[in-house]
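Close look at the chain arrangement
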Amino acid sequence: MSTVNDPSPTMHDPRTQALGDYAYREALENYVRESPGTFTEKMENFTKYVPRQNLARFLARYEIFKRIMDVQGSIVECGVLFGGGLMSFANLSTILEPYNFQRRIIGFDTFSGFPEVAAEDTKGAPERKSAHLKAGGFSAPAAYEDILRAISVFDMNRLLSHFPKVDVVKGDFAETSVRYLEEHPHLVISCLYLDFDIYTPTKLAIECFFSRIPKGGIVVFDELNEEAFPGESIAVMESLKLNELSVRRFPFEPRISYAIIGV
Ligand SMILES: C[S@@+](CC[C@H](N)C(=O)[O-])C[C@H]1O[C@@H](n2cnc3c(N)ncnc32)[C@H](O)[C@@H]1O
């Protein structure tokens, strides 16, 4: 569809992105590569390089984190992919509450993409659905080892690093959720971040984790009301009473919405 090279095939979706997005991505890729400085110097000046959309997502996570700072429990991210969201929360916890060794940031992902796609995921006009909606969509096989390495480097630069901060759980959530709860029966969740994008694991995540969120905790929806991924909305509406939740959003970020439990 495009004559512009796509430098990021895992993320790009010709059904929902404009040609200009590809051109920008290619220009950015070239700029980051050719810009002077070491990798670390570039990251220390990250605002020169990071797309505004990703800065906005970081800011949204900061806003969410501030709302659960005084709520007991770990943060569970359902769907990790390359780990940018997971490590945002890990950094926020480390910066803002360095002594909270109890708060774990726990991420679940196959790292081989969607195991399957249910009928609910493709309901509605086909031309408006994400091109990623197929078995193996969002596969990122090298990401798991890479995130483990990112965590070990991150642990070199934080207080109380003998307490683990980040847990990455690899495999189909249908199996890993059960095993994780057997091994961690104490788990309380201050923030349940739903970002599997699809129906079946989203429904299961609400089933096994929602009752572990205390009053004041947050459930975050990455794709609620998103036409390209209807499965998440269907799972949420089947499992939760939407009109009993105050679902809020941020004016600067188009996808993320959240509800504070008991409010
Ligand atoms: C949109 S990505 C997550 C993005 C990530 N939260 C971020 O902010 O960068 C959705 C992820 O959910 C994962 N996923 C979907 N179904 C799953 C399942 N049944 N078990 C484990 N992971 C699953 C996919 O592998 C994919 O990496």
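The structure we're discussing is the one just above.
Here is a short report on the structure shown in this document. (Residues numbered from 1 in each chain as written. Predicted model: local features only at pLDDT ≥ 70, side-chain atom pairs only at ≥ 80, totals over all residues.)

In terms of nonpolar packing, the biggest core is built from 49 residues, with Cys191, Leu192, Leu194 and Val220 touching the most fellow members. Other than its neighbours up to four places away in sequence, Val220 contacts Ile64, Cys191, Leu192, Tyr193, Leu194, Ile256 and Tyr258. (Core = buried A, V, L, I, M, F, W, Y, C linked by C-beta atoms within 7 Å. Buried ≥ 20, exposed ≤ 12 C-beta atoms within 10 Å, placed from the backbone. Contact = placed C-beta atoms within 7 Å.)

The next point concerns the pairing of strand β3 (residues 166-170). Bridge count for strand β2 (residues 105-109) against β3 is five bridges, and the pairing is parallel. Looking across to β3, one finds that Asp109 is bridged to Lys170. In this view, the connection linking β2 to its parallel neighbour β3 by way of helix α5 (residues 143-155) has right-handed handedness. (Pairing = 2+ DSSP bridges. Helix = DSSP H or I, 4+ residues; strand = E, 2+ residues; numbered from the N terminus. Right-handed = clockwise from strand over helix to strand, strands pointing away.)

Within helix α8 (residues 230-239), the full set of buried residues consists of Pro230, Gly231, Glu232, Ser233, Ala235 and Val236. In the core, the buried residues of α8 are packed alongside β4 (189-194), α7 (199-209) and β5 (218-221).

Turning our eyes to something else, we now look at the site of the ligand. Near the ligand lie 21 residues; those nearest to it are Gly79, Gly85, Phe173, Asp195 and Pro201. Mapped onto the shell around the ligand, the elements with two or more residues apiece are α4 (84-96) and β2. Looking at the shell around the ligand residue by residue, the class counts come to eleven nonpolar, five polar and five charged. (Near = placed C-beta within 6 Å. Nonpolar A, V, L, I, M, F, W, Y, C, P; charged D, E, K, R; others polar.)

Our focus in this paragraph is the environment of Thr122. Positionally, Thr122 belongs in the loop between β2 and α5. Through-space distance from the C-alpha of Thr122 to that of Lys134 is 9.5 Å; in sequence the pair is twelve residues apart. Excluding anything up to four places from it in sequence, Thr122 contacts Val117, Lys129 and Leu133.

In this section: the environment of Gly79. For Gly79, the location among the structural elements is in the loop between β1 (74-78) and α4. Gly79 gets classed as buried once you count the C-beta atoms within 10 Å, which come to 25. Counting along the chain gives 28 residues from Gly79 to Gly107, while the straight-line C-alpha distance between them is 6.7 Å. Residues contacting Gly79, with those up to four places away along its chain left out, are Asp109, Asp195, Phe196 and Asp197.

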